[in-house]
Amino acid sequence: MTTFAVKRSLPGITMEQLGDAQKAAIETSEAMTGEGTPVKYIRSNFFPGDSSCTCLFEADSQDAVKEVNERASIPFDEITEVLDLVP
């Protein structure tokens, strides 16, 4: 599977809303995987200085990651393939 970064601008988001969005991303990824489209939520990074967020997913296609975020109703600005360089 390929790793994709989902970049978001989330001005005014609370920590509770951020947690709810993360939960929705996880649950929607699991539901899609159960439906036959494998998607795995990896993790998120929130940047409080500019209220931006980057979420990492593994999937076979960018379209699958887009569908997760649309179904979970989480706004995003861009989805791009990345190399997740874990030591």
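All of these numbers come straight from a predicted model, not from anything done at the bench. (Residues numbered from 1 in each chain as written. Predicted model: local features only at pLDDT ≥ 70, side-chain atom pairs only at ≥ 80, totals over all residues. Heavy atoms only, no water.)

**As for the sheet that holds strand 2 (residues 39-47)**
In spatial order, the strands read 2-3-1-4; together these 4 strands make up an open sheet with antiparallel pairing. Edge positions in the sheet fall to strand 2 and strand 4 (78-82), since each of these pairs with one other strand and no more. Between one strand axis and the next, the sheet turns through 25° on average, direction left out of account. In terms of strand pairing, strand 1 (residues 2-9) meets strand 3 (residues 52-59) through 8 bridges, oriented antiparallel. The residue of strand 3 that forms the bridge with R8 is C53. (Pairing = 2+ DSSP bridges. Helix = DSSP H or I, 4+ residues; strand = E, 2+ residues; numbered from the N terminus. Axes fitted to C-alpha atoms, helices over the stretch in contact; angles between N-to-C directions.)

**Structural notes on the environment of P48**
Locating P48 in the fold gives a position in the loop between strand 2 and strand 3. What makes P48 exposed here is its relative accessible area of 63%. (Buried < 20%, exposed > 50% of the residue type's maximum accessible area, 1.4 Å probe, protein only.)

**Looking at unusual backbone geometry**
Residue S51 is not a glycine yet carries a positive backbone phi of 55°. The class of S51 is buried, set by a relative accessible area of 19%. Even without a glycine there, the phi angle at S73 is positive, about 55°.

**A short note on the side chain of T3**
Within the element layout of this structure, T3 appears in strand 1. Setting aside anything within four residues of it in sequence, one finds T3 in contact with I42, L56, F57, E58, T80, E81, V82 and D84. (Contact = heavy atoms within 4.5 Å.)

**A word on the packing of aromatic side chains**
Under the defined criterion, the tally for this structure stands at 1 aromatic pair. Here Y41 and F57 contribute two aromatic rings whose centre-to-centre distance is 5.6 Å and whose plane-to-plane angle is 75°, an arrangement assigned as edge-to-face. A residue pair is termed long-range when its members are at least 10 positions apart, and Y41 in strand 2 and F57 in strand 3 qualify at 16 residues. The same class applies to Y41 as to F57, namely buried. (Phe/Tyr/Trp six-rings, centres within 6.5 Å; stacked < 30°, edge-to-face > 60°.)

**Quick look at helix 2 (residues 62-71)**
Among the residues making up helix 2, those that are buried are A64, V65, V68 and N69. The arc enclosing the buried residues of helix 2, seen along the axis, measures out at 135°, which places them on a common side. The inward-facing, buried residues of helix 2 contact strand 1, helix 1 (15-34), strand 2, strand 3 and strand 4. Immediately downstream of helix 2, the backbone of S73 shows phi near 55°, a positive value. (Arc of directions from axis to C-beta.)

**Points about the nonpolar core**
Soluble globular proteins: nonpolar side chains tend toward being buried together. Ranked by size, the top nonpolar core spans 19 residues in total, and within it V6, V39, C55, F57, A59 and V65 carry the most contacts. Of all elements in the fold, only strand 1, helix 1, strand 2, strand 3 and helix 2 reach the threshold of two or more residues within this core. (Core = buried A, V, L, I, M, F, W, Y, C linked by side-chain atoms within 4.5 Å.)

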